[in-house]
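Understanding the architecture of this molecule
Take a look at the letters that make up each chain.
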Amino acid sequence: MTDTARPTFAQSDGTAQSDAEAISLGNLATVEFDLDLPTTGRRGSRITWRSSDDRWLDDAGRVRRPVFGRGNRKVTLTATVTNGDATATREFHVTVLQQPYRAAIESVPPVRRRIVVSPGDAGPRRIPLPSWGAAVTGIGAIAVPLQWPEPEAVIDVPSPSSTSLSSSASSSSRRFVVDGHTGAEPSHPVQAVIDVVIGHDDGNGVDDDIDADHSNGSPTKPTLRGIPLTAIRFGERSVIGHDQRLRRDYLRSLDNDRLLYAFRAAAGLDTRGAEPMTGWDSPDCLLRGHTTGHVLSAYALCAQSTGDEQVRGKLAELVHGLAEVQRAFARRPDCHPGFLSAYDERQFDDLERLVPYPDVWAPYYTLHKIIAGLIDAYETGVDEALPVVEGIGRWVVDRLGRLDPRLRQRMWGTYIAGEFGGMNESMARLAGIVRRHAAMAADAGDDGTVSDADDDTDAARFLDAARWFDNDRLLEPLRQHVDALDGMHANQHIPQVIGHLAIAERTGDAAYLRTSERFWHEVMASHMYAVGGVGQGEMFRTSNVIAALLDDDTAETCATYNLIKLAAGLRDHGNTFDGIHDDGGATVPSPEYGDYIELALRNHIAASIDRSAPNGGSTYFLPTRPAGRKSFDLDGDTCCHGTGLEAHFRAGDGALLVDDRMDAVHIQLLESMRVDSPDDGIAMRIDVADETPNVVHIRIDHLTAATLRVRVPWWALGRAFPAFDDADDGESLPTDTIVTINGRRFDDVDYDAVAHELVFPVKQLDSNPLSDIIIRFPIDLGLVRTPDDIDVASVMWGPYVLAALAGDNDHDERGGGSSNGHASGEALTPAMPHIVVDPDDVAASFARIPPSDADHPVAFAYHDARGGSLRFEPIAQIPADVPYHLYCRIGENGINDEIE
């Protein structure tokens with residue numbers, strides 16, 4: 001492709017037109033370097049230039065290539081040619097290539113599959129081969145496309161009597177190998193190793209990562225369950241309670257007609273005089289409609305978490321409006337039954353033609369927000385939502401079911417255009433709801449009707465559709481046990497893993513559960529900033545690189561929100577990754593999940609909300625660079641604005657867990673809350689003050705469980721940061737933990753070192769019921785060092801990540817970034833402060849500022865021998881546009897001169 005775009009002309013004479021037609025910029029289809037843009041035409045005309053997207057190509061022709069993984073970018077350059085009073089304009093369509101990966105591929109691990117067949121079940125089997133896999137490089141690993149002779153391996157399964165089989169007492173097996181190669185240049189060989197197991201499969205000595213053939217047909221059910229959000233009310237003075245009130249007041253102020261504007265316009269309905277949405281939901285934006293889906297979820301979660309009837313009414317009204325839109329679309333000849341969105345079906349058509357971003361902007365992502373919001377609405381009691389979402393589900397089944405699986409893989413592997421959020425999770429959730437309806441009808445004696453049969457058929461089809469969103473680019477490296485996240489869009493893939501977990505729970509396919517756990521451990525072990533956030537520029541980067549990636553565009557808030565959801569879901573399955581169980585044989589919750597949720601809620605999520613007013617403001621990114629500053633999305637309607645409306649209302653998800661088999665209740669979230677769940681036999685109050693997070697007071701009014709278990713957080717065990725290795729380290733409870741039960745101090749409280757929980761029998765030895773517990777955990781300051789530079793660290797006090805407030809001379813003048821959360825402009829990175837601390841006694845270098853003397857309840861002063869000083873506060877306390885240092889350099893020198 002060259003610059004042969006047809007020129008368009010405004011006022012023109014022959015000179016301006018001739019000079020416009022004479023401009024030549026060469027090959028614009030593969031731009032890697034700056035363009036030489038002429039400013040004078042051949043016949044003397046003046047030429048000026050305008051770029052449609054100066055992030056990648058500016059008006060002067062300077063090129064900034066997207067980093068690896070973000071894909072190529074299309075930019076339109078417009079030349080305006082002026083000669084006297086006459087002008088002509090001409091457009092040039094430029095493709096700016098993404099940067100190449102920084103290291104060469106060294107090897108490609110084999111793809112492994114295993115099939116288990118019954119004796120006598122001989123004959124050919126077709127095994128789909130993945131279109132992506134992991135490739136190992138000198139600095140880590142990446143996902144690369146794979147090419148095979150055929151997309152499926154045809155395996156002729158022999159009978160057990162075949163002499164080609166190796167026999168054992170329980171089974172016979174045979175191995176088949178298919179040779180392929182990578183699609184990346186230079187090409188590398190890869191093998192698919194397929195083991196056929198005939199007979200009983202005991203799982204010993206065979207890779208267990210493979211196949212839906214491992215499904216036993218019954219759901220992989222969680223062993224723990226959370227109490228409903230309706231049973232939890234956070235304290236008036238707690239951070240979560242305060243943030244929920246801000247969000248509730250904002251939701252009350254929203255205009256549902258405005259939220260429905262683009263939907264009604266697309267369906268040909270009256271927009272009722274409403275103003276159109278702005279930012280990513282504006283009428284000319286391809287992502288329009290996504291905020292409306294988020295608001296559905298936010299309304300539903302708010303109604304559950306606060307009991308607010310005004311918000312509940314707005315939820316029912318918004319669902320009713322969407323139902324009207326869906327019916328209007330159904331009357332249009334160019335739309336298929338069930339379709340619902342804020343635009344017509346053309347974006348979905350373009351995606352199937354593999355049109356890239358930004359000409360296609362994630363239509364299934366937006367659809368997921370709508371489906372998820374409708375499901376949340378139905379589960380909040382809005383019955384009208386169910387037939388609407390069922391109609392969308394059938395539309396998805398019909399649309400995707402006719403596509404070649406290879407095309408679906410190419411779609412899902414496409415940067416941004418193919419992003420589908422958690423469509424797999426929502427389709428699995430919808431299948432579960434429909435199946436419950438069929439089961440309830442059967443229990444009521446109505447089974448056998450056409451409606452019941454339809455429900456059961458729909459449930460099966462919805463589950464099939466959930467699997468159609470399997471993405472080889474993500475799944476196959478997880479099956480290969482290789483961290484190949486480098487270059488993947490973080491929040492494009494985290495929701496997919498939440499969907500894997502939902503599929504496992506509804507199909508019994510434990511392979512999905514295992515890949516979910518592996519993803520979790522890869523992210524936690526190698527990709528996380530101190531606040532619990534991940535990603536730079538929305539992307540996962542090379543594993544164990546943090547210090548080199550401190551910038552304005554780090555820690556995307558919606559990625560953290562989804563990691564919290566993933567942590568909560570995995571925790572419900574207990575500690576299954578290494579098969580750790582308590583002495584009674586029941587699975588206990590792994591402490592890492594509760595630790596992460598506390599870390600992320602108290603730091604990244606708490607820092608993401610604008611506390612100045614109920615304006616809906618959320619951070620897009622949380623800056624980690626020296627002298628970074630928060631900014632809040634007020635009118636950009638970005639992805640993080642949307643999840644920011646939900647996150648604070650979901651905080652109670654899994655705050656308390658019930659283990660019905662062991663008759664135990666687990667307190668997992670140590671926050672001030674009132675818990676009243678009659679169906680679970682729980683009525684209690686938990687008090688934890690922000691300024692003393694180490695003091696937990698539990699007042700029990702009613703508890704029918706035999707045992708109460710309270711999570712002991714990482715910081716109470718003497719760690720600066722949670723351990724995400726999922727290993728039982730056998731540590732004991734610190735001796736300076738003080739526990740008072742019913743007014744009497746106990747020094748021998750049972751401590752479960754596997755689950756990191758204190759264990760309290762509800763009926764005490766003296767026959768007095770358990771009614772009052774006060775736990776005083778030890779708390780201290782510590783350092784969270786970056787893996788790529790141990791001299792760069794964040795400071796933590798208990799659960800709080802502390803940031804140093806920057807001085808007047810130690811930050812740039814770029815301002816607080818644009819309204820959508822992206823930093824604007826370019827500036828030199830200011831110096832990172834140096835602090836001198838004893839790693840074994842960090843607290844010796846700090847002094848607590850008494851709450852009465854501080855603007856906030858938690859603040860510390862650091863002083864060094866040279867007279868330099870810094871004030872440290874929890875990152876969540878720091879308001880917008882106040883510069884801060886989230887990381888410091890730990891060294892022999894004191895604070896650098898710039899901030900003395």
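Counting restarts for each chain, with residues numbered from 1 along the sequence as it is written. Residue-level local features of this predicted model are given only where pLDDT is at least 70; pairs of side-chain atoms are given and counted only at 80 or more, and the full residue set underlies all totals for whole chains, interfaces and linings. For the side-chain quantities, the full set of heavy atoms in the structure was used; hydrogens and water were omitted.

Side note on the overall build of the protein
- Helix numbering and strand numbering both begin at the N terminus, where a helix is a DSSP run of H or I of at least 4 residues and a strand a DSSP run of E of at least 2. Within the protein one finds 18 helices and 34 strands.
- Using a 1.4 Å probe on the protein chains alone, a residue whose accessible area is under 20% of its type maximum counts as buried, one over 50% counts as exposed, and one in between counts as partly exposed. Buried positions account for 60% of the 900 residues belonging to the protein.
- In this description, contact between two residues means that some pair of their heavy atoms is separated by no more than 4.5 Å. In the protein, 71% of the contacts between residues at least 6 apart in sequence involve partners at least 24 apart.
- Note on areas: these come from Shrake-Rupley sampling with a 1.4 Å probe, and a residue is covered only by the protein chains present in the view. Put simply, the protein shows about 34900 Å² of open surface, and 47% of that area lies on carbon and sulfur atoms.

A closer look at the confidence of the model for the protein
- Mean pLDDT over the protein stands at 88; residues scoring 70 or higher make up 87%.
- Within a predicted model, pLDDT stands for the predictor's per-residue confidence, ranging from 0 to 100. Between residues 1–12, whose pLDDT stays under 50, and residues either more than four places distant or in other chains, the model counts 37 contacts.

Regarding the packing of helix α15 (residues 510–526) against helix α16 (residues 557–571)
- It is the contact of α15 with α16, at a shortest axis distance of 11 Å, that shows an interaxial angle of 130°. Comparing the axis directions of α15 and α16 gives the class oblique. With respect to the hand of their crossing, α15 and α16 are arranged in left-handed fashion. Contacts between α15 and α16 involve L513, S516, E517, F519, W520, V523 and M524 on the former and, on the latter, L563, L566, A567 and L570. Geometry is summarised by axes, namely lines fitted to C-alpha atoms with helices restricted to the contacting stretch, and by angles between N-to-C directions that run from 0 to 180 degrees. To sort the angles, those under 35 degrees are grouped as roughly parallel, those over 145 as roughly antiparallel, those from 65 to 115 as roughly perpendicular, and the leftovers as oblique. The handedness criterion is simple: a crossing whose near helix is rotated anticlockwise from the far helix by less than a right angle is left-handed, and one whose near helix is rotated clockwise is right-handed.

A closer look at the nonpolar core
- Nonpolar cores were defined as sets of buried Ala, Val, Leu, Ile, Met, Phe, Trp, Tyr and Cys residues, with membership established by side-chain atoms within 4.5 Å. If you look at the biggest cluster of nonpolar residues, it comprises 198 residues, and the most contacted ones within it are Y364, L374, Y596, L656, M684, L708 and F760.
- Within the second largest apolar cluster, 26 residues are counted, among which are I115, I142, W148 and I198.

A short note on the packing of aromatic side chains
- Centres within 6.5 Å make a pair out of two Phe, Tyr or Trp rings, where for Trp the six-membered ring is used; the pair is then stacked when the planes are under 30 degrees apart, edge-to-face when over 60, and tilted otherwise. Scanning the model with the defined rule gives 29 aromatic pairs in all.
- Ring geometry for F339 against F348: centres 6.0 Å apart, planes inclined by 90°, an arrangement best described as edge-to-face. The same class applies to F339 and to F348, which are both buried.
- Centroid distance W412 to F469: 4.9 Å. Interplanar angle 25°. Geometry classified as stacked. In this pair, W412 sits in helix α10 (residues 405–412) while F469 sits in the loop between α12 (450–467) and α13 (472–479), placing the two residues 57 residues apart along the sequence.
- For W412, a relative accessible area of 1% corresponds to the buried category.

Let's talk about the pattern of salt bridges
- Take a side-chain nitrogen of Lys or Arg and a carboxyl oxygen of Asp or Glu: if they are within 4 Å of each other, that pair is a salt bridge. What the rule picks out here adds up to 48 salt bridges.
- For R346, the salt bridge goes to D344, with nearest N and O atoms at 2.8 Å.
- Under the relative-accessibility criterion, R346 is labelled exposed at 56%.
- Residues D687 and R685 are paired through a salt bridge, measuring 3.1 Å at the closest nitrogen-oxygen approach.

Here we look at the sheet that holds strand β18 (residues 682–689)
- Taken together, seven strands build an open sheet; the order of strands is β14-β17-β18-β19-β25-β21-β22 and the sheet is antiparallel. Edge strands, defined here as strands with exactly one partner in the open sheet, are β14 (232–234) and β22 (744–746). Pairs of neighbouring strands in the sheet enclose a mean axial angle of 15°, with direction left out of account.
- In the sheet, β18 pairs with strand β19 (residues 692–703) via seven bridges, with the strands oriented antiparallel. Note on β19: the bridge partner recorded for R685 is R699. The criterion for strand pairing is that DSSP finds at least two bridges linking the strands in question.

So, the sheet that holds strand β16 (residues 664–667)
- The sheet built from six strands is open, its strands ordered β13-β15-β16-β20-β24-β23 with mixed pairing. Only two strands of the sheet have a single neighbouring strand rather than two, namely β13 (225–226) and β23 (750–752).
- Here three bridges tie β23 to strand β24 (residues 757–761), and the two strands are oriented antiparallel to one another. Among the inter-strand pairings, D750 is bridged to a residue of β24, identified as V759.

Some thoughts on unusual backbone geometry
- Look at the link from Y357 to P358: it is a cis peptide, with omega at 10°.
- Note on placement: P358 falls in the loop between α7 (346–352) and α8 (363–379).
- The backbone of R272 sits at a positive phi, close to 60°, despite the residue not being glycine.
- If you trace the backbone, R272 turns up in the loop between α4 (261–267) and α5 (290–306).
- The phi torsion at D663 lies on the positive side, around 55°, for a residue other than glycine.
- Mapping D663 onto the fold places it in the loop between β15 (656–659) and β16.

Section: the side chain of K369
- Within the secondary structure layout, K369 lies in helix α8.
- Think of it this way: Lys and Arg go in the positive column, Asp and Glu in the negative one, and His and the chain ends go nowhere. Put simply, K369 is tucked away with no salt bridge, and the nearest opposite charge, on E419, sits 6.6 Å away.
- When neighbours within four sequence positions are excluded, K369 is seen to be in contact with H290, G293, H294 and G421.

Some thoughts on α13
- Counting buried positions over the eight residues of α13 gives eight, a clear majority of the element.
- Within α13, the full set of buried residues consists of D472, R473, L474, L475, E476, P477, L478 and R479.
- One or two steps after α13, the chain reaches H481, where phi turns positive at roughly 65°.

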